[in-house]
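Below, each chain spelled out in residue letters.
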Amino acid sequence: MSSEQILSSDGIPLEVSLKKAERKNKLKALFLVGPLFLFLIITYVFPIGDMLFRSVDDRMITKMLPKTFAAMEKWDGKDLPDEPVYKGIYEDLSYLKKNKTYGKIIARLNYEKGGFSSLIKKTVRKINKFEEGNYKEQFIKVHKRWGQSEYLVALKNTAPNWSYAKYLKGVDRKFDQDRNIILVPE
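Small disclaimer: the values here were computed from a predicted structure and weren't measured. (Residues numbered from 1 in each chain as written. Predicted model: local features only at pLDDT ≥ 70, side-chain atom pairs only at ≥ 80, totals over all residues. Heavy atoms only, no water.)

Points about the overall build of the chain
Along the chain, the regular secondary structure elements total nine helices and two strands. What you see in the chain, going N to C, is helices and strands ordered as α-α-α-α-α-α-α-α-α-β-β. Its C-alpha atoms give the chain a radius of gyration of 30 Å, more than 25% over the compact-globule value 16 Å for 186 residues. Along the longest, intermediate and shortest principal axes, the C-alpha atoms of the chain span 105 × 35 × 30 Å. Looking at the chain as a whole, 29% of its 186 residues qualify as buried. A fraction of 64% describes how many contacts in the chain between residues 6 or more apart in sequence connect residues 24 or more apart. When the accessible surface of the chain is summed, it comes to about 12,800 Å², and 59% of that surface belongs to carbon and sulfur atoms. (Helix = DSSP H or I, 4+ residues; strand = E, 2+ residues; numbered from the N terminus. Rg over C-alpha atoms; globule rule 2.2 N^0.38 Å. Buried < 20%, exposed > 50% of the residue type's maximum accessible area, 1.4 Å probe, protein only. Contact = heavy atoms within 4.5 Å. Areas by Shrake-Rupley, 256 points an atom, 1.4 Å probe, with all protein chains shown as cover.)

So, in structure tokens, the structure goes:
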């Protein structure tokens, strides 16, 4: 046996020449498959990831009602909240009405508890007639639901920036005022 190297036609050892050709073929295959792979990532992976991210993202409500949630931190969720919560709701809804952006919160709050849509719309229509002070009484006078703690508990449940409440609703569950997971009544 001889240990002589086999050379290709251009004088390069055959083993090196074969590795070069193989590398070139792999690069061609990568360039052919690359655009398809990129297309799949852009059209499937990113949108699905974005949808999953938005399903747990609840920052919109917290950002739009900051004074309300700051005042609600002190509320235990048992009885009706005190005057500072209603004052926070008044200030936040007044600001949202002035900027005409209150419509964005209606769908999310209505998702949490049915009836929020009409509650917010009616309140926003009459909020300019509110007098300084005694906001709790004025809110209840505008709509009786402001006097029902279940609506304010539902509002408080939207406070965390990240929540899996939408997934709970899919299996007929929800959070109660203590953030315990309970079965939704029939």
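Focus: helix H6 (residues 116-126)
Considered for burial, the residues of H6 that qualify are Phe116, Ser117, Leu119, Ile120, Thr123 and Val124. Across the axial projection of H6, the buried residues extend over an arc of 165°, all falling on one side. Residues of H6 that are buried sit in contact with helix H4 (83-99), helix H5 (103-112), helix H7 (135-142) and helix H8 (149-157). (Arc of directions from axis to C-beta.)

Here's the deal with the packing of H5 against H6
H6 packs onto H5 with a crossing angle of 140° between their chain directions and a minimal axis gap of 8 Å. With respect to their mutual orientation, H5 and H6 come out oblique. Residue-level contacts link Ile106, Leu109 and Asn110 of H5 to Phe116, Ser117, Ile120 and Lys121 of H6. Taken together, the residues that form the contact of H5 with H6 break down as four nonpolar, two polar and one charged. (Axes fitted to C-alpha atoms, helices over the stretch in contact; angles between N-to-C directions. Parallel < 35°, antiparallel > 145°, perpendicular 65-115°, else oblique. Nonpolar A, V, L, I, M, F, W, Y, C, P; charged D, E, K, R; others polar.)

Focus: the packing of H4 against H7
Between two packed helices, both the angle of their axes relative to each other and the distance between the axes serve to describe the pair. Close contact between H4 and H7 brings their axes to 8 Å; oriented N to C, the two are set at 65°. Contact with H4, carried on its side by Glu83, Tyr86, Lys87, Ile89, Tyr90 and Leu93, involves Tyr135, Lys136 and Phe139 of H7 and no other residues of that element. For the contact of H4 with H7, the residue count by class is six nonpolar, no polar and three charged.

Observations regarding H8
Residues of H8 that are buried include every one of Tyr151, Leu152, Val153, Ala154, Leu155 and Asn157, and no others. Of the surrounding secondary structure, the elements contacted by the buried residues of H8 are helix H3 (66-72), H4, H5, H6 and strand S1 (173-175).

Overview of unusual backbone geometry
If you check the backbone angles, Lys100 has positive phi at about 55° while not being a glycine. Its place among the elements puts Lys100 in the loop between H4 and H5. Of the residues examined, Lys100 reaches a relative accessible area of 72% and is grouped as exposed. Positive phi is not limited to glycine here, since Asp172 has a value of about 55°. Topologically, Asp172 is positioned in the loop between helix H9 (165-170) and S1.

Points about the packing of aromatic side chains
For the structure on display, the rule yields eight aromatic pairs. Ring geometry for Tyr86 versus Phe139: centroids 5.8 Å apart, planes at 40°, classification tilted. One end of the pair, Tyr86, is in helix H4; the other, Phe139, is in helix H7, and 53 residues separate them in sequence. Like Tyr86, the residue Phe139 is buried in the burial classification. Each ring, one from Tyr164 and one from Phe175, has its centre 5.5 Å from the other, and the planes form 65°; the classification is edge-to-face. Of this pair, Tyr164 sits in the loop between H8 and H9 while Phe175 sits in strand S1; the two residues are eleven residues apart in sequence, bridging distant segments of the chain. Looking at Phe175, the relative accessible area reads 6%, which means it is buried. One cation-aromatic arrangement involves Lys113 over Tyr151; the distance from NZ or CZ to the ring centre is 5.3 Å. (Phe/Tyr/Trp six-rings, centres within 6.5 Å; stacked < 30°, edge-to-face > 60°. Lys NZ or Arg CZ within 6 Å of the ring centre and 35° of its normal.)

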